[in-house]
Amino acid sequence: GVAADALFAAVAETAVRSRLAGFKPQDMSNTVGAFAKAGVAAEALYAAVAEAAVRSRLAGFDPQALANTVWAYATAGVAAD
């Protein structure tokens, strides 16, 4: 619905604008997982999470967070470059 669309848009915009400040690996994983499960497109969010994860060399990502993150990207159809 409209309220959900606005909420997803606001979450994505805030996360991207802040460069994911305060987000731990599990938070990033949960966020992209929710977007993927809901079928909400958010290219900038996916790009920001990928950049943050690579920049940190995946520091702090446990195996479950890694699996959940790649599941989210695959489910959302985010293609590897």
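Structural data are supplied above this passage.
Residues numbered from 1 in each chain as written. Predicted model: local features only at pLDDT ≥ 70, side-chain atom pairs only at ≥ 80, totals over all residues. Heavy atoms only, no water.

Re the pattern of salt bridges
Right, on to step 1. Scanning the model with the defined rule gives 3 salt bridges in all.
Right, on to step 2. A salt bridge links Arg19 to Glu51; the shortest N-O distance between them is 3.2 Å. Of this pair, Arg19 sits in the loop between α1 (2-17) and α2 (25-38) while Glu51 sits in helix α3 (residues 43-55); the two residues are 32 residues apart in sequence, bridging distant segments of the chain.
Right, on to step 3. Exposure remark for Arg19: the relative accessible area of 54% places this residue in the exposed category.
Right, on to step 4. Look at Glu51 and you get partly exposed, because its relative accessible area is 44%.
Right, on to step 5. Glu51 is the partner of Arg55 in a salt bridge, and the nearest nitrogen-oxygen pair spans 3.1 Å. Here Arg55 pairs with Glu51, and both are found in helix α3, just 4 residues apart, close to one helical turn.
Right, on to step 6. Through salt bridges that share partners, Arg19, Glu51 and Arg55 make up one connected network. (Salt bridge = Lys/Arg side-chain N within 4 Å of Asp/Glu carboxyl O. Helix = DSSP H or I, 4+ residues; strand = E, 2+ residues; numbered from the N terminus. Buried < 20%, exposed > 50% of the residue type's maximum accessible area, 1.4 Å probe, protein only.)

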